[in-house]
Amino acid sequence: MEDIKDKLWTREFIMLTVCGLLLFLNLQMILSPLPGYVKEHFHADAFTVSLFTTVFALSAIISRLFSAKALEKGKRNTILFLGLILSFLATLGYLWSGTLTLLLLMRIVYGVGFGMGSTTLPTMASGVIPIRRLGEGMGYFGLSTSIALSLGPVIGSLLLEYGGFTSLVYATLIVIALIFPLVYPLTKKVKSPEPAPIPKEFSTVPQKKGFTKELLLPSLLNFLMSVTYGGLLGFINLFGKESGLANASLFFLFNAVAVVIIRPISGKIYDRKGHQALLIPAAVCLIGGLWLLSYSTSTAFLALAACCYGLGFGTVQPTLQSWMIQLVPPQRQGMANSMYFNSLDLGIAAGALILGQIASFSSYGAMYRYASLFLGIFIVIYALYLLTRSKDVGKQIAISDGNKRTI
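Cut-offs and rules
- Residues numbered from 1 in each chain as written.
- Predicted model: local features only at pLDDT ≥ 70, side-chain atom pairs only at ≥ 80, totals over all residues.
- Heavy atoms only, no water.
- Disulfide = S-S within 2.5 Å.
- Buried < 20%, exposed > 50% of the residue type's maximum accessible area, 1.4 Å probe, protein only.
- 1 Å grid on protein atoms, 1.4 Å probe; cavity = no way out; pocket = protein on both sides within 12 Å on 5 of 7 lines; lining within 4 Å.
- Points joined across faces, edges and corners; volume = space filled by probe spheres on them.
- Helix = DSSP H or I, 4+ residues; strand = E, 2+ residues; numbered from the N terminus.
- Salt bridge = Lys/Arg side-chain N within 4 Å of Asp/Glu carboxyl O.
- pLDDT = per-residue confidence, 0-100.
- Contact = heavy atoms within 4.5 Å.
- Expected span 1.5 Å × (residues − 1).
- Phe/Tyr/Trp six-rings, centres within 6.5 Å; stacked < 30°, edge-to-face > 60°.
- Axes fitted to C-alpha atoms, helices over the stretch in contact; angles between N-to-C directions.
- Parallel < 35°, antiparallel > 145°, perpendicular 65-115°, else oblique.
- Left-handed = near helix turned anticlockwise from the far one by under 90°.
- Nonpolar A, V, L, I, M, F, W, Y, C, P; charged D, E, K, R; others polar.

**Student:** How should the state of the cysteines be read in this particular structure?
**Tutor:** In a disulfide, the sulfur atoms of two cysteines are held together by a covalent bond. One pass over the structure, following the stated rule, counts zero disulfides. Counting only cysteine sulfurs, Cys 308 is the nearest neighbor of Cys 307, a cysteine outside any disulfide, at a range of 8.8 Å. A relative accessible area of 30% places Cys 307 in the partly exposed class.

**Student:** Hey, could you run me through empty space enclosed by the protein in this one?
**Tutor:** A probe as big as a water molecule, rolled over the atoms, marks out the empty space that is left. A full pass over the atoms with the stated rule returns five cavities of 30 Å³ or more. Estimates place the volume of the largest cavity at around 110 Å³. Forming the boundary of the largest cavity are 14 residues, of which Leu 27, Leu 31, Phe 56, Asp 345 and Ile 348 lie nearest the centre. When contributions to the lining of the largest cavity are tallied by element, the ones reaching two or more residues are helix 1 (11-31), helix 3 (46-72) and helix 13 (333-361). If one sorts the elements of the lining of the largest cavity by residue count, helix 13 sits on top with five residues.

**Student:** What am I meant to see in the pattern of salt bridges here?
**Tutor:** Where charged atoms of side chains with opposite charge meet at close range, the side chains can pair. Counted under the stated rule, the structure contains one salt bridge. Taking the shortest distance from any N to any O, the salt bridge between Asp 345 and Arg 64 comes out at 2.8 Å. Of this pair, Asp 345 sits in helix 13 while Arg 64 sits in helix 3; the two residues are 281 residues apart in sequence, bridging distant segments of the chain. In this pair, the class of Asp 345 matches that of Arg 64, namely buried.

**Student:** What is the right way to read the confidence of the model for the protein chain from this model?
**Tutor:** Note: predicted coordinates in regions of low pLDDT should not be interpreted at a detailed level. Scored by pLDDT, the protein chain comes out at a mean of 83, with 88% of its residues at no less than 70. Summarising per-element confidence for the protein chain, the mean pLDDT is lowest in helix 14 (residues 364-406) (76) and highest in helix 11 (residues 279-294) (96). Here residues 195-208 is modelled with pLDDT under 50, and outside its nearest four sequence neighbours on either side it reaches 22 contacts, counting other chains as well. Taken as a whole, residues 396-407 scores under 50 in pLDDT and shows zero contacts with residues more than four places along the chain or in a different chain.

**Student:** Help me out: how do you make sense of helix 12 (residues 299-326) in this one?
**Tutor:** Note that an α-helix has 3.6 residues per turn; residues three or four places apart therefore point the same way. Its 28 residues place the ends of helix 12 40 Å apart at the C-alpha level, agreeing with the 40 Å of an ideal helix rising 1.5 Å per residue. Counted residue by residue, helix 12 has 21 buried out of 28 residues, so it is predominantly covered.

**Student:** Would you mind showing me how to read the packing of aromatic side chains here?
**Tutor:** The geometry of an aromatic ring pair comes down to the distance between the two centres and the angle between the two planes. In total, this model carries 24 aromatic pairs according to the counting rule given. Relative to Phe 252, the ring of Tyr 229 has its centre 6.3 Å away and its plane inclined at 65 degrees; by these criteria the two rings are edge-to-face. Here the residue Tyr 229 occupies a position in helix 9 (residues 216-243), and Phe 252 occupies one in helix 10 (residues 250-273), the gap between them amounting to 23 residues. The two residues Tyr 229 and Phe 252 agree in class, both being buried. Put simply, the rings of Phe 24, Phe 56, Tyr 110, Phe 114, Tyr 340 and Phe 341 pair up and form one aromatic cluster.

**Student:** Whenever I open this one, the packing of helix 9 against helix 13 confuses me. Can you help?
**Tutor:** Helix-helix packing is described using two parameters, namely the angle between the two axes and the distance between the axes. Where helix 9 contacts helix 13, the axes come no closer than 6 Å and their chain directions differ by 50 degrees. Classified by the angle their axes make, helix 9 and helix 13 are oblique. In this structure, helix 9 crosses over helix 13, and the sense of that crossing is right-handed. Within the contact between the two elements, helix 9 uses Ser 219, Asn 222, Phe 223, Ser 226, Val 227, Tyr 229, Gly 230, Gly 231, Leu 233 and Phe 235 and helix 13 uses Met 339, Tyr 340, Ser 343, Leu 344, Leu 346, Gly 347, Ile 348, Ala 350, Gly 351, Ala 352, Leu 355 and Gly 356. Of the residues that constitute the contact of helix 9 with helix 13, the class distribution is 13 nonpolar, nine polar and no charged.

If you want it as structure tokens, here you go:
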């Protein structure tokens, strides 16, 4: 029988996971269809269209930095509800944005609100997960992000095509409005970490204020992986037209299926063996998925590529997030989550920009093969880290043995 202290599927954890799904679904339902709407409705050029992704990403990144500091000071509920309200109002504002300037302003406001919410909800979730099941718990919670990333673009594109932009906005308003009644009771039940002295057992790094350099490596790895996903979000439909695939956006659906399957498994492996057992095999799966996709000319081949990519994507995301959370004490988990999502957003934005330029002088199929180079860099950097760490451990053992001989 499961120990009550190690119980994962509590009401609080389930509700927080649902709230995370709704928040990211609200984002993804708009994010993918919006460039097409802007280009068609306002006759905007490519640079102007790219601004709608860029200003959102930058405002979310800046917002998360301030949110993380506010969370450390115990202002969790204020940040959470302010973020949700701003996101709701900005989404509503799309209906009255008759000019590009107003629509860009709404994207900035939305980015600020989303940055607050996307920092707070994962931090609350990590606070209700038993420490011995952190990898498994964050794996399940991360399904909310992955499912939204996979299904949001499909739902949003269908709504825009068959119902128009107004129907899309109303649908996203309903999605975000559902979060308020679900999350409000949790703010009273889920305790916020107090800004107190940090017990040594909660962190592998010394107590300090400001930036935590130990988070740099997993953030960099997350960035490199997210660059490839930016290429998928931005160009999968254009690749479909190039390759004669009528429903290329189904890639996200098949990807979601693979993610749902692998998340619980990878989480349990992380809890038993750590990130070193997962990241390199997962990166190989991601590379395989991109190469298979680049040669896809049928739905069956597309599904195979999506499942292969999804196995890697569904492993890397929760592994890196759990690793980053474990590198900091409880009251700095907001900072860890902030850096995780900032590196994700930066990667997606950079991927759309860099890979778009590559596609302009090659093809979309070749672009995905070039994208796999970022995962090659991922493997090299992580392998060097593992080698360096093993040498350090070996030196420590040698010094310890030498001290014993002299005693």
